[in-house]
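Below are the chains, spelled out letter by letter.
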Amino acid sequence: MAACIENCRSQTSTSPFSLESNQCLMSSSLCKLVKLCIPTLPNSISTKSLNWVDQKISETSKITPQVEDEKEDEDEDDMWLKIQEEAVSDAQQEPVLYEYYYSTILSHNSLESSLANLLATKLSNSSLSKSTLLDVFIKDREIRSAIRNDLKAVRERDPACTSYVHCFLNFKGFQACQSHRVAHKFWSQGRTAVASLIQSRVSEVFGVDIHPGAKIGSGLVIDHATGIVIGETAVVGENVTILHNVTLGGTGKGFGDRHPKIGDGVFIGAGSKVLGSVRIGQGAKIGAGSVVLKEVPPNATAVGNPARLIGV
């Protein structure tokens, strides 16, 4: 390790981050970390960087959480390594943010650990410790898969998302959704008090109010997120896109099953209200500002107040 870094420092190059691949036996992602640590950064940062690289090399085999399916292991690990690489690239461009990327990404050995720490910090409540959130993330395979599907969905469908790490750290819609997944897990276990506490804190911190009883599919994009309200008996399918100020609520006249059922691949525009136990068919689109009180067929487009169909 020391020899590798010494070789990097002794090279003649126009870039302080240059590194010949045949002079280092580490993986390309770890070499990027070494480049980051070459002393263009303050001494306090570079020392911590070198220590972290040494630890990273010795713990490479521990990065992936223990799960039964090896192929899913590899997919999950690929996503985490990609996030780490992007964090390193960002820290190269903005060394002043290194401490931030180190504490949120580079000091953790799994995506679940990093996310649990991030959400526990954001929600800032002594009752919501990192260990409590991490326990749910690691034990629930469905949640682990949904986290990665949500990241991929935002990266692919939101043109403002420039990288996975950008979404992971900065998109409150993604963070609110993952917080809800934890709350929903507690709710389904009958632990309604802690589930309601998480809902309350998410509403205060992110401006997103999703009842912990609501069922949310994976691949969800909540763009901008401010003002989202989703009721207790609502069901949201796979690969749905919801813009800001959307309400999936009740009419105020019913009890029991009283909230919308959103099919797979539905797009709901900003400011729309879908009220009552109505079904929005697969692939349908709801125009911005619409008020939907009746069922919308699959692949149809509904606009207006009250909403009317304008095409299939």
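As shown above, the structure is provided for reference.
Below you will find a few notes about this structure. Note that the structure is a prediction, hence the values are computed from the model and not measured.

**Remarks on the nonpolar core**
Now for step 1: Counting residues in hydrophobic clusters, the biggest one holds 74 residues, and the most contacted among them are Ile83, Leu151 and Phe168.
Now for step 2: The two domains that each donate at least three residues to this core are domain 1 (72-207) and domain 2 (214-311).
Now for step 3: When sequence neighbours within four positions are dropped, the list of residues in contact with Phe168 reads Ile83, Ile105, Leu111, Ser114, Leu115, Leu118, Leu151, Phe174 and Gln175.

**Topic: the sheet that holds strand E10 (residues 273-275)**
Now for step 1: The strand order E1-E4-E7-E10-E13 describes an open sheet built from five strands, whose pairing is parallel. Edge positions in the sheet fall to strand E1 (208-210) and strand E13 (291-292), since each of these pairs with one other strand and no more.
Now for step 2: Relative to strand E4 (residues 228-230), E1 is paired through three bridges, and the arrangement is parallel. Residue pairing across strands places Val208 opposite Ile228, the latter belonging to E4.

**Brief notes about a nonpolar patch on the surface**
Now for step 1: There is a patch of nonpolar side chains on the surface, built from Val96, Leu97 and Tyr100 and spanning about 280 Å² of accessible area.
Now for step 2: Tracing the backbone shows Leu97 in the loop between helix H4 (70-93) and helix H5 (98-106).
Now for step 3: Judged by relative accessible area, which is 35%, Leu97 ranks as partly exposed.

**Considering helix H10 (residues 172-188)**
Now for step 1: Over its 17 residues, H10 runs 24 Å from end to end, which matches the ideal 24 Å to within 8%, given 1.5 Å per residue.
Now for step 2: Burial analysis of H10 places 12 of its 17 residues in the buried class, which makes it a mostly covered element.
Now for step 3: Residues of H10 that are buried include every one of Gly173, Phe174, Gln175, Ala176, Cys177, Gln178, Ser179, His180, Arg181, Val182, Ala183 and Phe186, and no others.
Now for step 4: Looking one or two residues beyond H10, the residue adopting positive phi is Gly190, at roughly 85°.

**Some remarks on the environment of Pro212**
Now for step 1: As for its placement among the helices and strands, Pro212 is situated in the loop between E1 and strand E2 (215-216).
Now for step 2: Those residues in contact with Pro212 that sit more than four places away from it in its chain are His180, Ala183, His184, Trp187, Ala195, Ser196 and Gln199.

**Brief notes about the packing of helix H6 (residues 111-123) against helix H8 (residues 141-157)**
Now for step 1: Their axes nearest at 11 Å, the elements H6 and H8 cross at an angle of 80°. Between H6 and H8, the angle is such that the two are roughly perpendicular. Across the interface between the two elements, Leu111, Glu112 and Leu115 of H6 pack against Arg144, Ile147, Arg148 and Leu151 of H8.
Now for step 2: Partitioning the contact of H6 with H8 into residue classes produces four nonpolar, no polar and three charged.

**Here's the deal with the packing of H10 against helix H11 (residues 192-206)**
Helix-helix packing is characterised by the crossing angle of the two axes and by the distance between the axes.
Now for step 1: Closest axis-to-axis distance for the H10/H11 pair is 8 Å, and the angle between their directions is 165°. The pairing of H10 with H11 is recorded here as roughly antiparallel in orientation. Relative to H11, H10 is oriented so that their crossing is left-handed. Taken together, the residues of H11 that come into contact with H10 (itself represented by Lys172, Gln175, Ala176, Ser179, Val182, Ala183, Phe186 and Trp187) are Thr192, Val194, Ala195, Ser196, Ile198, Val202 and Phe206.
Now for step 2: Grouping the constituent residues of the contact of H10 with H11 by class yields 10 nonpolar, four polar and one charged.

**Observations concerning helix H7 (residues 130-139)**
Now for step 1: When we look at burial in H7, the residues that qualify are Leu133, Leu134, Val136 and Phe137. For H7, the buried positions fall inside an angular range of 160° around the axis, keeping them on one side. For H7, the exposed residues lying more than 90 degrees away from the buried face are Ser131 and Lys139.
Now for step 2: Where the residues of H7 are buried, they touch H6, H8 and H10.

Reading the values: rules and limits
Residues numbered from 1 in each chain as written. Predicted model: local features only at pLDDT ≥ 70, side-chain atom pairs only at ≥ 80, totals over all residues. Heavy atoms only, no water. Core = buried A, V, L, I, M, F, W, Y, C linked by side-chain atoms within 4.5 Å. Buried < 20%, exposed > 50% of the residue type's maximum accessible area, 1.4 Å probe, protein only. Domains from an automatic or database assignment. Contact = heavy atoms within 4.5 Å. Pairing = 2+ DSSP bridges. Helix = DSSP H or I, 4+ residues; strand = E, 2+ residues; numbered from the N terminus. Patch = residues over 30% accessible without salt bridge, like charges linked within 9 Å, V, L, I, M, F, W, Y side chains within 5 Å. Areas by Shrake-Rupley, 256 points an atom, 1.4 Å probe, with all protein chains shown as cover. Salt bridge = Lys/Arg side-chain N within 4 Å of Asp/Glu carboxyl O. Expected span 1.5 Å × (residues − 1). Axes fitted to C-alpha atoms, helices over the stretch in contact; angles between N-to-C directions. Parallel < 35°, antiparallel > 145°, perpendicular 65-115°, else oblique. Nonpolar A, V, L, I, M, F, W, Y, C, P; charged D, E, K, R; others polar. Left-handed = near helix turned anticlockwise from the far one by under 90°. Arc of directions from axis to C-beta.

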